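Observations on chain architecture
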Amino acid sequence: MRPRDLRAPDPELRARWDALAVASGAPPFMRPGWLGAWADAFGRADDLRLLTVERGGELVGVLPLLPGPLGLRAPTNHETARFVPVLADDEAAAELADRLLAAGTTVDLAALAADSPATAALRAAARRAGAPSLERPVCESPYIDTTGDQASFLRRLSKNRRHGMRRLRHRMDDAGEVVLDVRDGTDDPGSAGDLDELLDEGLRLEARPWKLAAGSAIRSSPASVRFYTEGARWAAAEGILRLVHLRIDGRSVAFGYCLRQGGALYFLKLGMDDDLTKLGPGIVLTHHLVDHCCEDPELSELDLLGDAESYKADLASGTREQVRLQVFGHRLTGSAHRAALASAARLRAEAVARMSDDTRARLSAFRNRWRPGGAGRSGGPGASGAAASRSLTSAE
């Protein structure tokens, strides 16, 4: 396999890719509609290519890639929730890994699920090929098991957390009629309302003052606005969009941008009214979403995505590690390339560690405003400035 042998995602291939993604239980972020919205928004639509594996004429493996001057990389950036190749089985994972490394070039996959069969196959293929590799942690992504009822979820929490949750919900109930408004963005006004209006209402809440100052709000970037708007339209057409508003007397005080697929509700973005901080609208919304999942027998988890920040870690049943895996396949320069990147990452981490919190925040804000559609990951709902600052230590 050579980089120029990668396939462009024509309509027929996109349909087969989507069918495999749904059948194999891949997350919605790996479906062509979602990745197509990402590529269009961040100016990479003409660059997106696919490494595919077929067996008896049937598509059994798909890995989206972006070719570049330094090799091949995943189509990921700061708005990527998770990345994993789309595979029918472990055999397809092994064949895909071998074909990928046969290119003899640098392969850079960010936001990669650490425990996926594809990741294990890539590690093994790199060892067989004797290719130097560099693997670094990106985040520990939390999730909540919702297979039980609300009472079983509460029993897993600490006594202080249960008390705090009840106190916040009582405060909000005292403020007015509280309703969890879950819409799928369809055109039926009786059940969903207008997609653009619902999304605009939510993005206003997501654009919290501190996020605007840090450049991490969706509305800080026209490309991000376009991505989440087009992604919502695609997801609504597929029946997997869930725009969630927590309302007090009809007024939205917290917002969740979610996708529902298989047994999971994926919580991508959180917004809230900072004037009502004492009511804890973000925490209460998350708790209501847990109730919503527990009440639906087809849902088994609420995936909080992003990093395991304190408010999410307190609620989580567990975490899933994401890594950045780079394999340096060029026989002559691979070892030197790996050594240079590892050294650069170490020096960058040391430099960031010596910075004041204010300096790190300023640099993160600058990077958020000016970064292109390059490698990285999304912060998930409620990503903090600290999480953004940590991204300064990763080698690009």
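Just above sits the structure.
A brief look at the structure comes next. Computed from a predicted model, the values in this text were never measured in an experiment.

A few points about the overall build of the protein chain
- Broken down by element type, the protein chain carries 14 helices and 12 strands.
- Looking at the protein chain as a whole, 54% of its 396 residues qualify as buried.
- Put simply, the protein chain shows about 17,300 Å² of open surface, and 51% of that area lies on carbon and sulfur atoms.

Description of empty space enclosed by the protein
- A complete count under the given rule lists 1 cavity of 30 Å³ or more for this structure.
- For the largest cavity, the calculated volume is near 70 Å³.
- Around the largest cavity sit 13 residues that line it, and F29, W34, L35, P75 and T80 are the ones nearest its centre.
- Per element, the largest residue contribution to the lining of the largest cavity is 3 residues, and it comes from helix α2 (residues 32–41).

Looking at the layout of surface pockets
- Its boundaries defined by the atoms lining it, the second largest pocket holds a volume of some 390 Å³.
- What lines the second largest pocket is a set of 21 residues, and nearest its centre among them are G25, A26, P27, V84 and S116.
- Going through the elements one at a time, α4 (117–129), β11 (301–303) and β12 (318–328) are the ones with two or more residues in the lining of the second largest pocket.

Side note on the packing of helix α6 (residues 159–175) against helix α10 (residues 281–294)
- Packing of α6 against α10 brings their axes to within 10 Å, and their N-to-C directions diverge by 100°. With respect to each other, α6 and α10 are oriented roughly perpendicular. Only P281, I283, V284, H287, H288 and D291 of α10 make contact with α6, whose side of the interface consists of R161, M165, L168, R169 and M172.
- Residue composition of the contact of α6 with α10, by class: 6 nonpolar, 2 polar and 3 charged.

Section: unusual backbone geometry
- The residue D249 is not glycine, and still its phi comes out positive at about 50°.
- Along the chain, D249 falls in the loop between β8 (241–248) and β9 (251–261).
- Overall, D249 belongs to the exposed group, its relative accessible area being 55%.
- Of note, the phi angle at L305 is positive, near 60°, even though the residue is not glycine.

Describing the pattern of salt bridges
- In this structure the tally under the stated criterion is 28 salt bridges.
- Two residues, R16 and E54, come together in a salt bridge whose shortest N-O distance is 3.3 Å. Here R16 is found in helix α1 (residues 11–24), whereas its partner E54 is found in strand β1 (residues 49–55), with 38 residues between them in sequence.
- Several salt bridges share partner residues, and in doing so they unite R82, E301, D303 and R320 into one network.

A word on the side chain of D303
- One can find D303 in strand β11.
- Side chain to side chain, D303 and R82 meet in a polar contact 2.9 Å long.
- Of the polar contacts made by the side chain of D303, one reaches the backbone nitrogen of L305; its length is 3.1 Å.
- Those residues within four positions of D303 in sequence are excluded, and the remaining contacts are R82, S141, P142, Y143, L265, Y266, F267 and R320.

Criteria and thresholds
- Residues numbered from 1 in each chain as written.
- Predicted model: local features only at pLDDT ≥ 70, side-chain atom pairs only at ≥ 80, totals over all residues.
- Heavy atoms only, no water.
- Helix = DSSP H or I, 4+ residues; strand = E, 2+ residues; numbered from the N terminus.
- Buried < 20%, exposed > 50% of the residue type's maximum accessible area, 1.4 Å probe, protein only.
- Areas by Shrake-Rupley, 256 points an atom, 1.4 Å probe, with all protein chains shown as cover.
- 1 Å grid on protein atoms, 1.4 Å probe; cavity = no way out; pocket = protein on both sides within 12 Å on 5 of 7 lines; lining within 4 Å.
- Points joined across faces, edges and corners; volume = space filled by probe spheres on them.
- Axes fitted to C-alpha atoms, helices over the stretch in contact; angles between N-to-C directions.
- Parallel < 35°, antiparallel > 145°, perpendicular 65-115°, else oblique.
- Contact = heavy atoms within 4.5 Å.
- Nonpolar A, V, L, I, M, F, W, Y, C, P; charged D, E, K, R; others polar.
- Salt bridge = Lys/Arg side-chain N within 4 Å of Asp/Glu carboxyl O.
- Polar contact = N/O pair within 3.5 Å; in protein donor to acceptor, adjacent residues only side chain to side chain.

So, to be careful, I would describe these as geometric facts and stop short of saying anything about function.
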